[in-house]
Amino acid sequence: MSNAKPKGLLARLQAGETVICAEGYLFEFERRGYLKAGGFVPEVVIEHPELVEGLHREFVHAGSDVVLAFTYYAHREKMRIIGREADLERINRTALRLARKVADDTGTLMAGNICNTNIYDQTDPSWEERAHAMFKEQLEWIMEEGGCDFIVAETFFAYAEAKLALECVRKYAKGVPVVVSFNLKRGSDLIDGVLIQEALRRVAEAGADVVGLNCGRGPATTLPVLEEAVKNGIKTPLAFVPVPYRTADENPNFMTLKDVDDKGKVAFPLDLDPWLCSRSQIAAFSRRAHDIGVRYIGLCCGNASHFTRAMAEALGRQPPASRYTADMSKHAYYGTDPTLINFNTEEVCKNKF
């Protein structure tokens, strides 16, 4: 266990340091067979807490500076739709305790998490009261469990919902820094009609400590939005937390990428694998984000520890997982080590493969 209290989020950002926050727990546990796609509810938190703790440690090992409590989609609406509202408080408190344990053990930051409620409805004003209650209870559990170093309020398709989430953080988690990020669909406006650049400006002016984009868009369609924000003169630190998929202008959000074998079928969520970025692409985008001044980075749905390591190494770091970074000089066929058999490196490699 680390006894030293880690430097906080704001102190790091003010010092010009980059903070890496690994996300992507939903997709990773679905791939591992412990979470059901569709509902995407983190039941694994209470069914296999040891696995959640393990993935927290894996991400830290790969270079994450933050242990993010796995309470994404552990809110009342999601628990209702799978018939487990009775487990709502237990799943939140368990996730918070797991994250705190790993953060304390590893000397990393621990972040609480609230997210899109999926009940925003422009035609029904009652959504706001219900969403307020959902944010309130999750934030109160965070504070009752000892608080956190900062809160991630994320994946908002509507400015109105992000604004409400920020107001709730300021009311129910007073003094805790907050990252607010949007999930941008096709185009430049959110689903309530607010332009993304205006939304970033408004939440920054309302007191968010970090603003940006997460989920939805891949690196290639996320970065231009942040570049525009920089050109617009935004001073609040920016968050770059895309999905690790090769989105482009035609399909800027991974939810509309097409199956590579059936162009009439949407690949989301189970057939996205052919669209994954390479590690080199993740590293290159990480450097680009850093070059424009982004100091809060990570990956969302689709992330895995090898991508987090690629991000960390792209920024010049050597996390514990770097002990196992590839050394192709030792490869039997592609290697350059002088002790290798020349027949393999010269004849087989060059003429037989």
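Relevant structure appears above.
A brief look at the structure comes next.

Cut-offs and rules
- Residues numbered from 1 in each chain as written.
- Predicted model: local features only at pLDDT ≥ 70, side-chain atom pairs only at ≥ 80, totals over all residues.
- Heavy atoms only, no water.
- Helix = DSSP H or I, 4+ residues; strand = E, 2+ residues; numbered from the N terminus.
- Buried < 20%, exposed > 50% of the residue type's maximum accessible area, 1.4 Å probe, protein only.
- Lys, Arg positive; Asp, Glu negative; His and termini not counted.
- Salt bridge = Lys/Arg side-chain N within 4 Å of Asp/Glu carboxyl O.
- Polar contact = N/O pair within 3.5 Å; in protein donor to acceptor, adjacent residues only side chain to side chain.
- Contact = heavy atoms within 4.5 Å.
- Axes fitted to C-alpha atoms, helices over the stretch in contact; angles between N-to-C directions.
- Parallel < 35°, antiparallel > 145°, perpendicular 65-115°, else oblique.
- Left-handed = near helix turned anticlockwise from the far one by under 90°.
- Nonpolar A, V, L, I, M, F, W, Y, C, P; charged D, E, K, R; others polar.
- Patch = residues over 30% accessible without salt bridge, like charges linked within 9 Å, V, L, I, M, F, W, Y side chains within 5 Å.
- Areas by Shrake-Rupley, 256 points an atom, 1.4 Å probe, with all protein chains shown as cover.
- Expected span 1.5 Å × (residues − 1).
- Pairing = 2+ DSSP bridges.

Bringing unusual backbone geometry into the picture now. Between Phe268 and Pro269 the backbone carries a cis peptide bond, its omega angle lying at -5°. Take Pro269: it is sitting in the loop between strand 9 (262–266) and helix 11 (279–291). At Phe40, a residue that is not glycine, the phi angle is positive and equals roughly 50°. Along the chain, the position of Phe40 falls in the loop between helix 2 (25–31) and helix 3 (44–47). With phi around 60°, Cys215 is a residue other than glycine that occupies positive phi space. Tracing the chain through its elements places Cys215 in the loop between strand 6 (210–214) and helix 10 (219–231).

Right, let's get into the side chain of Arg295. Assignment of secondary structure puts Arg295 in the loop between helix 11 and strand 10 (296–297). Buried charge without a salt bridge: Arg295, with Asp291 as the nearest opposite-charge side chain at an N-O distance of 7.0 Å. A polar atom in the side chain of Arg295 sits 2.8 Å from the backbone oxygen of His290. In this view, Arg295 contacts Leu13, Gly16, Glu17, Thr18, Val19, Leu238 and His290; residues no more than four positions away in its chain are not counted.

At a closest axis distance of 10 Å, the pairing of helix 6 (residues 88–106) and helix 7 (residues 127–144) adopts a crossing angle of 45°. Our classification of the angle between helix 6 and helix 7 gives oblique. The element helix 6 and its partner helix 7 pack so that their crossing is right-handed. Residues Leu88, Glu89, Asn92, Arg93 and Leu96 of helix 6 form the contact with helix 7, whose participating residues are Glu137, Gln138, Trp141, Ile142 and Glu144. Taken together, the residues of the contact of helix 6 with helix 7 break down into 4 nonpolar, 2 polar and 4 charged.

As a further point, take the pattern of salt bridges. As enumerated under the stated definition, the model contains 33 salt bridges in all. Among the ionic pairs, Glu145 bridges to Arg93, the shortest N-O distance being 2.8 Å. Of this pair, Glu145 sits in the loop between helix 7 and strand 4 (150–156) while Arg93 sits in helix 6, and the two are 52 residues apart along the sequence. Look at the salt bridges and you will find they share partners, linking Glu43, Glu47, Arg84, Asp87 and Arg90 into a network.

On the surface, Met328, Tyr334 and Phe353 cluster together into a nonpolar patch covering about 370 Å² of accessible area. You can see Tyr334 is positioned in the loop between helix 12 (305–314) and helix 13 (342–351).

Taking 1.5 Å of rise per residue, 14 residues should cover 20 Å, and helix 8 (residues 159–172) covers 20 Å from first to last C-alpha, within 8% of that figure. Looking at helix 8, one finds that the buried residues are Tyr159, Glu161, Ala162, Leu164, Ala165, Leu166, Cys168, Val169 and Tyr172.

The next thing to look at is the sheet that holds strand 1 (residues 19–20). If you walk across this open sheet you meet the 8 strands as 1-10-7-6-5-4-3-2, and the pairing is parallel. Here the strands that pair on one side only, and so sit at the sheet edges, are strand 1 and strand 2 (66–68). Across the sheet, helix 7 touches strand 3 (109–115) and strand 4, and the angle it forms with strand 3 is around 165°. Helix 10 contacts strand 6 and strand 7 (238–241) of the sheet and is inclined by roughly 175° relative to strand 7.

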